[in-house]
Amino acid sequence: MARPAVMYIKDIPVLWLPFVFQDIRSGRRSGVLPPRFGASDIVRNNPGYRRHVENVGYYFAISDYMDATVWLDWRSGARADSLDPGWIRWNGNWNYRWIDRFLSGRIGANHHRLQDGSRSTGLSWQHSQQFTMNRSLSANVNYSSNTSVRRTTGFLAQEVLGTINSSVNYGDRFGPVSLQLGGQRTQFPGRDEVTQTLPTLGLSTSPINVGEWLVWSPNLSVSNAQRLNIP
């Protein structure tokens with residue numbers, strides 16, 4: 001709930017500010033997200049100021065074990081240039097967790113559209129699951145269809161210069177044999193270059209006593225490394 005707050009001096013209104021009442025009850029519940037903006041985003045303090053508003057959205061408390069969030073970020077395209085054309089970004093996030101299945105994770109997506117026509121779609125998936133004592137799966141997958149958009153609109157150094165990394169690993173054990181199967185992938189900001197090691201396979205066993213004088217620890221390792229779209 002929001003309303004204006006006006007400050008008076010001698011019955012003369014001299015200052016106006018938005019006043020927001022936030023729900024402070026305990027527990028998880030659905031509701032409107034508190035948006036992020038500054039006073040200058042309401043009343044510009046100079047003609048060249050670019051308005052910027054983030055986190056305009058809604059939070060859904062679906063159950064005790066999952067929730068979802070959708071929100072919008074926006075930057076004005078007034079007086080745009082090639083380095084800051086203005087943009088709008090739609091975001092979505094879904095968190096899940098099943099305790100009795102030893103499973104938890106997050107799925108996220110965003111669509112970024114710049115005023116100059118550039119677009120980018122980002123996807124992410126974090127997942128952790130323990131099937132049995134020896135069998136497990138972990139995934140941290142991230143993808144961007146246009147890394148140049150991410151570099152152009154980033155405010156933090158890690159957003160502008162950081163790589164987009166993904167990794168998946170599946171582990172299992174069959175008697176004395178341990179299995180590791182997975183892969184890695186990396187995207188670079190501002191260019192189409194991709195490096196990936198996919199798949200990677202590892203097999204190993206516990207030490208085998210071949211004789212009184214020989215202990216054998218066999219293992220097998222196979223990997224495929226690629227470097228694509230080299231500038």
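Residues numbered from 1 in each chain as written. Predicted model: local features only at pLDDT ≥ 70, side-chain atom pairs only at ≥ 80, totals over all residues. Heavy atoms only, no water.

Trainee: Hey, could you run me through the overall build of the chain in this one?
Mentor: Looking only at helices and strands, the chain has 2 helices and 15 strands in total. Taking the principal axes of the C-alpha coordinates as reference, the chain spans close to 100 × 50 × 25 Å. Evaluated residue by residue, the chain yields a buried proportion of 25% over its 231 residues. At a minimum sequence separation of 6, the contacts of the chain that also span at least 24 residues come to 41%. As presented, the chain carries roughly 15,700 Å² of accessible surface, and 58% of it is formed by carbon and sulfur atoms. Computed over 24 positive and 16 negative side-chain charges, the inter-centroid distance for the chain is 4 Å. (Helix = DSSP H or I, 4+ residues; strand = E, 2+ residues; numbered from the N terminus. Buried < 20%, exposed > 50% of the residue type's maximum accessible area, 1.4 Å probe, protein only. Contact = heavy atoms within 4.5 Å. Areas by Shrake-Rupley, 256 points an atom, 1.4 Å probe, with all protein chains shown as cover. Lys, Arg positive; Asp, Glu negative; His and termini not counted. Charge placed at Lys NZ, Arg CZ, Asp CG, Glu CD.)

Trainee: Help me understand the pairing of strand S11 (residues 177–187) in this model?
Mentor: Each regular strand carries side chains that alternate between the two faces of the sheet. Bridge count for strand S10 (residues 164–174) against S11 is 11 bridges, and the pairing is antiparallel. Its bridge partner lying in S11, Tyr170 is registered against Leu181. Counting the residues in the hairpin turn of S10 and S11 gives 2 residues, including Gly175, whose phi is positive at 60 degrees. Counting the residues that bridge the hairpin from S11 to strand S12 (residues 194–205) gives 6 residues, and of these Gly190 lies at a positive phi of roughly 85 degrees. (Pairing = 2+ DSSP bridges.)

Trainee: Looking at this structure, how should I read the side chain of Asn91?
Mentor: By the secondary structure assignment, Asn91 is in strand S6 (residues 87–98). The exposure class assigned to Asn91 is buried, which follows from its relative accessible area of 12%. Only 3.5 Å separates the side chain of Asn91 from the backbone oxygen of Arg89, close enough to count as a polar contact. In this view, Asn91 contacts Thr69, Val70, Trp71, Leu72, Asp73, Ala109 and Asn110; residues no more than four positions away in its chain are not counted. (Polar contact = N/O pair within 3.5 Å; in protein donor to acceptor, adjacent residues only side chain to side chain.)

Trainee: What is the right way to read the pairing of S10 from this model?
Mentor: Summarising the sheet, strand S9 (residues 136–144) and S10 pair through 5 bridges and their orientation is antiparallel. Bridge pairing in S10 links Asn140 to Ser167.

Trainee: Got a minute to help me understand the environment of Asn55 in this structure?
Mentor: Tracing the chain through its elements places Asn55 in strand S4 (residues 52–63). Setting aside residues no more than four positions away along its own chain, Asn55 makes contact with Leu33, Pro34, Pro35, Arg36, Trp71, Leu72 and Asp73.

Trainee: Is there a simple way to explain the sheet that holds strand S5 (residues 66–75) in this structure?
Mentor: Neighbouring strands of a sheet are bound in pairs by backbone hydrogen bonds; such pairs are parallel or else antiparallel. Across the sheet, 11 strands lie side by side as S3-S4-S5-S6-S7-S8-S9-S10-S11-S12-S15; this open sheet has antiparallel pairing. Each of the sheet's edge strands pairs with one partner strand only, and the pair in question is strand S3 (31–32) and strand S15 (219–228).

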